[in-house]
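Here's the letter readout for the chains.
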Amino acid sequence: MAFAAEPLPAKWHPGHYIYVDHGGLTPELLSLPHFQGLQKAVTWRTLEPERNRYDFSSLRADLAVAKKYHRQLVVQLTFKSFSKGVRNVPDYLRGEEFGGGVYRTLKGGFNPVLWNQRVAERFEALIAALGREFDRDPNLEAVNLPETAPNARLDVEPQAGVETYTEEVYVECLERFML
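Reference entry: report on the structure contained in this document. (Residues numbered from 1 in each chain as written. Predicted model: local features only at pLDDT ≥ 70, side-chain atom pairs only at ≥ 80, totals over all residues. Heavy atoms only, no water.)

### Quick word on unusual backbone geometry
Next, step 1: A positive phi angle is found at D21, which is not glycine, with a value near 55°.
Next, step 2: Inspection of the secondary structure assignment puts D21 in the loop between β1 (17–19) and α1 (27–30).
Next, step 3: Residue D21 is classed as partly exposed on the basis of its relative accessible area of 38%.
Next, step 4: Although it is not a glycine, N52 sits at a positive phi angle of roughly 65°.
Next, step 5: With respect to the helices and strands, the residue N52 is situated in the loop between α2 (44–47) and α3 (57–68). (Helix = DSSP H or I, 4+ residues; strand = E, 2+ residues; numbered from the N terminus. Buried < 20%, exposed > 50% of the residue type's maximum accessible area, 1.4 Å probe, protein only.)

### Notes on helix α5 (residues 167–178)
Next, step 1: An ideal rise of 1.5 Å per residue puts 16 Å on 12 residues; α5 measures up with 17 Å between its terminal C-alpha atoms.
Next, step 2: Listed in full, the buried residues belonging to α5 are Y170, C173, L174 and F177. All buried residues of α5 lie within an arc of 95° about the axis, which places them on one face of the element. Relative to its buried face, α5 has exposed residues pointing more than 90 degrees away, namely E168 and E172.
Next, step 3: Where α5 is buried, its residues meet α4 (117–134). (Expected span 1.5 Å × (residues − 1). Arc of directions from axis to C-beta. Contact = heavy atoms within 4.5 Å.)

### Considering the layout of surface pockets
Next, step 1: Quantified by volume, the largest pocket comes out at close to 480 Å³.
Next, step 2: Lining the largest pocket are 19 residues, and of these I127, A128, G131, V143 and F177 sit closest to its centre.
Next, step 3: Counting only elements with at least two residues in the lining of the largest pocket, the list comes to α4, β6 (140–144) and α5.
Next, step 4: Examining the composition of the lining of the largest pocket, we find that 6 residues originate from one element, α4, more than from any other.
Next, step 5: Residues that form the lining of the largest pocket fall into these classes: 12 nonpolar, 2 polar and 5 charged. (1 Å grid on protein atoms, 1.4 Å probe; cavity = no way out; pocket = protein on both sides within 12 Å on 5 of 7 lines; lining within 4 Å. Points joined across faces, edges and corners; volume = space filled by probe spheres on them. Nonpolar A, V, L, I, M, F, W, Y, C, P; charged D, E, K, R; others polar.)

### A short note on the side chain of T78
Next, step 1: Along the chain, T78 turns up in strand β3 (residues 72–78).
Next, step 2: Judged by relative accessible area, which is 4%, T78 ranks as buried.

### Some remarks on the packing of aromatic side chains
Next, step 1: Evaluated as defined, the whole model comprises 10 aromatic pairs.
Next, step 2: When the centroid spacing of 5.0 Å and the interplanar angle of 55° are considered together, the rings of W44 and F123 count as tilted. Of the two residues, W44 sits in helix α2 while F123 sits in helix α4, which places them 79 residues apart along the sequence.
Next, step 3: For F123, a relative accessible area of 0% puts it in the buried group. (Phe/Tyr/Trp six-rings, centres within 6.5 Å; stacked < 30°, edge-to-face > 60°.)

Rendered as structure tokens:
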């Protein structure tokens, strides 16, 4: 395992953060003196529009704005959908190599089959790419994951491509990403 040549500075800016979902970092919000920064949801689909091609331009722009206002940014790396027909994961995951890669939620959205080894490897590749690109950015406070419930009754209503789902397998998968 390779280690950084010099230790990274601690990122510790406790306080209140405003959640802006997928919205913009507006001067009105960034100027509020009561807050350390903002938490913004950014989709896997946006950051990796094609397999192995990352587009971090929107994240770079958000970090530049956060820096300008002396604020921190928490990125919620979201792959979940809570709306009918919405898929926050890259299109390529739907391919045969990934066993279809997504499952249909109770609300009709599409979420990734994270317990599929190939899907998990792609998500881990995104996390690693984010780390390489932004770990030393002083205004990136943290990256977190969205709410993690599967949003489907996969244990009692299996779907094609997700036959291997169990609660235990899903929890192990999430723990792996968090590490």
